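Chain by chain, the residues run as shown.
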Amino acid sequence: MIDQTKRILSDLVAFPTVSADSNLDMIAYLANQLEDCGAQVDVLTDGSGRKANLFATLGPLRDGGIVLSGHSDVVPVTDQNWATDPFKMVERDDLLFGRGTCDMKGFIAATLAMAPVFAQQVRDQPLHFAFTYDEETGCIGARHLAQNLTERSIKPSLAIIGEPTNMRVIDGHKGCYEYSTHFQGLEGHGSAPDCGVNAIEFAVRYVSRLLDLRDELKLMAPNDSRFEPPWTTVNLGALNGGQVHNVIAPRATVDWEMRPVQASDADFVNEALKTFCDEVLLPSMRLVYPDASIVTEVIGEIAGLMPADENEILKIVSELTGINRADVVSFGTEAGIFQSLGMDVVVCGPGSIEQAHKANEFLAVDQLDQCLKMLEGLGAKLSEPPNQ
Ligand SMILES: [Zn+2]
């Protein structure tokens with residue numbers, strides 16, 4: 001099985017599925033292999049026709065069952081110093097080098113190698129494969145897939161997201177919400193501040209409100225939060241505006257993010273900021289310039305994976321890996337999107353996030369082996385009669 005997995009991984013690495021480029025060839029390859037195993041395969045193309053999600057099912061088409069999920073895209077290799085061709089897998093000292101080996105084509109290859117076995121094992125519960133596009137640029141494919149599953153009333157109950165965790169079992173990560181807030185004021189001579197609307201000034205007042213909210217968020221951390229730090233954080237990434245000393249700055253932009261430990265914190269911050277803009281900043285700006293505006297552009301809102309008290313797939317994967325404790329991690333994944341569909345979700349996959357996104361990315365063969373063992377155990381479970 002490991003040799004077959006390595007062969008598939010080598011094929012997958014050879015598809016240069018950098019997020020900016022098409023992933024259609026790789027999706028066609030995956031679709032073919034799954035169809036050969038008797039899976040019902042749906043390829044879901046995006047609006048541009050250059051990207052696609054794949055959703056495939058072995059076993060009965062009914063509610064429930066498990067989703068094995070991975071993203072098909074990889075980060076660029078530009079400006080990285082690779083010792084080998086990043087899109088040609090090379091094995092050296094039991095390490096498999098190549099872009100995407102750990103993040104996260106290794107997991108996809110393992111699920112694909114196991115697919116013919118799973119096909120023999122599935123009984124009453126379906127086993128699904130969900131391979132998405134554009135995870136690295138904001139989980140766009142997964143959101144598209146979620147919408148599609150909802151429209152088609154397909155309701156799997158459990159999901160394993162195979163992002164690289166060194167095969168540790170992860171049941172939580174914070175969300176990552178990124179915004180750019182644009183302020184449009186009115187230009188004027190620096191000597192007559194009351195005749196213009198200084199966008200920088202309003203941006204600074206906005207930032208000041210955001211910092212107050214940041215302090216409030218610290219007090220709102222759930223008592224049992226396992227995150228580090230335990231509360232929702234806010235970061236100011238960039239503040240840009242204006243040109244020269246003696247001109248009232250007509251435009252300013254604040255780039256900021258928050259990492260919610262609970263979805264309600266994000267709502268709290270966004271609502272508080274909206275109220276502040278609507279009731280305080282905008283009326284004051286529009287007194288001088290009726291066309292003044294504050295527009296918040298959503299760069300990405302990646303839902304967190306919130307640890308749940310009851311998590312069926314956590315029990316299963318813990319049993320299969322022999323790891324009895326679940327951890328939380330600081331990186332974001334598509335897991336929160338699957339959780340929002342009502343599924344129990346864990347993140348567990350081969351390789352280390354340490355190697356992800358870097359030059360000379362690699363996956364240890366031993367990790368791939370452990371992943372296959374976990375999937376073999378899962379296959380055996382699929383063939384058990386229900387309620388056992
Ligand atoms: Zn990834």
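A few points on the structure. (Residues numbered from 1 in each chain as written. Predicted model: local features only at pLDDT ≥ 70, side-chain atom pairs only at ≥ 80, totals over all residues. Heavy atoms only, no water.)

**So, the packing of helix H2 (residues 24-36) against helix H3 (residues 101-121)**
- Here H2 crosses H3 at 25°, and the two axes come no closer than 10 Å. On the basis of their axis angle, the class for H2 and H3 is roughly parallel. Crossing geometry of H2 relative to H3 is assigned as left-handed. Contacts from Met26, Tyr29, Leu30, Gln33 and Leu34 of H2 reach H3 at Lys105, Ile108, Leu112 and Ala115.
- Of the residues contributing to the contact of H2 with H3, the split by class is 7 nonpolar, 1 polar and 1 charged. (Axes fitted to C-alpha atoms, helices over the stretch in contact; angles between N-to-C directions. Helix = DSSP H or I, 4+ residues; strand = E, 2+ residues; numbered from the N terminus. Parallel < 35°, antiparallel > 145°, perpendicular 65-115°, else oblique. Left-handed = near helix turned anticlockwise from the far one by under 90°. Contact = heavy atoms within 4.5 Å. Nonpolar A, V, L, I, M, F, W, Y, C, P; charged D, E, K, R; others polar.)

**Some points on the coordination of the zinc ion**
- In this structure, His71 (NE2), Asp103 (OD), Glu163 (OE) and Glu163 (OE) serve as the protein donors to the zinc ion, at separations of 1.9 to 2.6 Å.
- Around the zinc ion, the 4 donor atoms sit at angles spanning 53 to 140°, and that spread fits a shape best called irregular.
- Residue Glu163 is classed as buried on the basis of its relative accessible area, which comes to 2%. (Donors = N, O, S within 2.8 Å, 3.2 Å for Na, K, Ca; no water. Tetrahedral: all angles 85-135°; square planar, octahedral: opposite > 155°, others 65-115°. Buried < 20%, exposed > 50% of the residue type's maximum accessible area, 1.4 Å probe, protein only.)

**Topic: the sheet that holds strand E4 (residues 90-92)**
- With antiparallel pairing, 3 strands are arranged side by side in an open sheet as E4-E5-E17. Edge positions in the open sheet fall to E4 and strand E17 (362-364), since each of these has one partner strand only. Each strand of the sheet is rotated relative to its neighbour by a mean of 25°, with strand direction disregarded.
- Both strand E5 (residues 95-97) and E17 contribute to a ladder of 3 bridges, which runs antiparallel. Each residue of the ladder has a partner; that of Leu96, found in E17, is Leu363. (Pairing = 2+ DSSP bridges.)

**Digging into the pattern of salt bridges**
- Following the criterion strictly, the structure yields 15 salt bridges and no others.
- For the salt bridge of Glu91 with Lys6, the shortest nitrogen-to-oxygen distance reads 3.1 Å. Taken together, the residues Glu91 in strand E4 and Lys6 in helix H1 (residues 2-13) connect sequence positions 85 residues apart.
- For Glu91, a relative accessible area of 40% gives the class partly exposed. (Salt bridge = Lys/Arg side-chain N within 4 Å of Asp/Glu carboxyl O.)

**With respect to the side chain of Ser19**
- You can see Ser19 is positioned in the loop between H1 and H2.
- Note on Ser19: relative accessible area 9%, which makes it buried.
- Residue contacts for Ser19: discarding those within four places in its chain leaves Lys51, Asp73, Val74, Asp134, Glu136 and Thr137.

**Some words on a nonpolar patch on the surface**
- Where nonpolar side chains cluster on the molecular surface, the patch consists of Ile200, Val204 and Leu239 and spans about 230 Å² of accessible area.
- Within the element layout of this structure, Leu239 appears in strand E11 (residues 233-241).
- Overall, Leu239 belongs to the partly exposed group, its relative accessible area being 48%. (Patch = residues over 30% accessible without salt bridge, like charges linked within 9 Å, V, L, I, M, F, W, Y side chains within 5 Å. Areas by Shrake-Rupley, 256 points an atom, 1.4 Å probe, with all protein chains shown as cover.)

**Structural notes on the environment of Ser69**
- By secondary structure assignment, the location of Ser69 is in strand E3 (residues 66-71).
- For Ser69, a relative accessible area of 0% puts it in the buried group.
- In this structure the C-alpha to C-alpha distance between Ser69 and Ala130, which are 61 residues apart in sequence, comes to 4.7 Å.
- Apart from the residues within four sequence positions on either side, Ser69 is in contact with Met104, Phe107, Ala130, Ile160, Ile161, Gly162, Glu334 and Phe338.

**Here's the deal with the packing of aromatic side chains**
- All chains considered together, the criterion is met by 5 aromatic pairs.
- With a centroid separation of 5.5 Å and 55° between ring planes, the pair formed by Phe97 and Phe362 is classed as tilted. A residue pair is termed long-range when its members are at least 10 positions apart, and Phe97 in strand E5 and Phe362 in strand E17 qualify at 265 residues.
- Classification of Phe97 as buried rests on a relative accessible area of 17%. (Phe/Tyr/Trp six-rings, centres within 6.5 Å; stacked < 30°, edge-to-face > 60°.)

**Structural notes on the layout of surface pockets**
- What the second largest pocket holds in volume is close to 400 Å³.
- Lining the second largest pocket we find 21 residues, and of these Glu135, Glu136, Ile302, Gly332 and His357 sit closest to its centre.
- In terms of residue count, the dominant contributor to the lining of the second largest pocket is strand E14 (residues 293-302) (4 residues).
- In terms of residue class, the lining of the second largest pocket is built from 6 nonpolar, 7 polar and 8 charged. (1 Å grid on protein atoms, 1.4 Å probe; cavity = no way out; pocket = protein on both sides within 12 Å on 5 of 7 lines; lining within 4 Å. Points joined across faces, edges and corners; volume = space filled by probe spheres on them.)

**Notes on the sheet that holds E11**
- Spatially, 4 strands are ordered E11-E13-E9-E14 in an open sheet, and the strand pairing comes out antiparallel. Each edge of the open sheet is held by one strand with a lone partner, namely E11 and E14. On average, adjacent strands in this sheet sit at an angle of 15° to one another, irrespective of strand direction.
- This element, helix H6 (residues 263-288), spans strand E9 (176-184), strand E13 (251-259) and E14 of the sheet and lies at about 165° to E14.

None of this, on its own, says anything about what the molecule does.
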